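Overview (structure and organization)
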Amino acid sequence: MLTARTRGPIALDTETTGLDVFGASYRLRTVQFGDEREAWVIHWERGERSALRRFGPLR
């Protein structure tokens, strides 16, 4: 099993409903993270029952 030390850097990104972070309709939609081999997406706006989705291996 590869460890964090051998896999290298991890990227993190978010998707939201807009740029007005103090607006009443502003929401976090997804959080994505991954490395050069795999990517993971958390569908935050879908709620607790939404599964963490894995995309990998990346090519």
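Everything discussed here concerns the structure shown above.
The present account deals with the structure reproduced in this document.

As a further point, take the pairing of strand β3 (residues 39–42). Pairing of strand β2 (residues 28–34) with β3 involves four bridges; the strand directions are antiparallel. From the neighbouring strand, V31 faces β3, where its bridge partner is I42. Counted along the chain from β2 to the antiparallel partner β3, the turn is four residues long.

As enumerated under the stated definition, the model contains one salt bridge in all. Across the salt bridge formed by E45 and R29, the nearest N and O atoms sit 3.0 Å from each other. In this pair, E45 sits in the loop between β3 and β4 (53–55) while R29 sits in strand β2, placing the two residues 16 residues apart along the sequence. Of the residues examined, E45 reaches a relative accessible area of 43% and is grouped as partly exposed.

Turning to the side chain of Q32, a few remarks are in order. Mapping Q32 onto the fold places it in strand β2. A polar side-chain atom of Q32 sits 2.4 Å from a polar atom in the side chain of T30. Filtering out sequence-adjacent residues up to four positions away, Q32 remains in contact with A11, L12, D13, T14, E15, W40 and V41.

Along the chain, the position of D35 falls in the loop between β2 and β3. Residue class for D35 comes out buried when judged on its relative accessible area of 15%. A distance of 2.7 Å separates a polar side-chain atom of D35 from the backbone nitrogen of R37. Looking at D35, its side chain comes within polar contact range of the main-chain nitrogen of E38, at 2.8 Å.

Rules used in this analysis
Residues numbered from 1 in each chain as written. Predicted model: local features only at pLDDT ≥ 70, side-chain atom pairs only at ≥ 80, totals over all residues. Heavy atoms only, no water. Pairing = 2+ DSSP bridges. Helix = DSSP H or I, 4+ residues; strand = E, 2+ residues; numbered from the N terminus. Salt bridge = Lys/Arg side-chain N within 4 Å of Asp/Glu carboxyl O. Buried < 20%, exposed > 50% of the residue type's maximum accessible area, 1.4 Å probe, protein only. Polar contact = N/O pair within 3.5 Å; in protein donor to acceptor, adjacent residues only side chain to side chain. Contact = heavy atoms within 4.5 Å.

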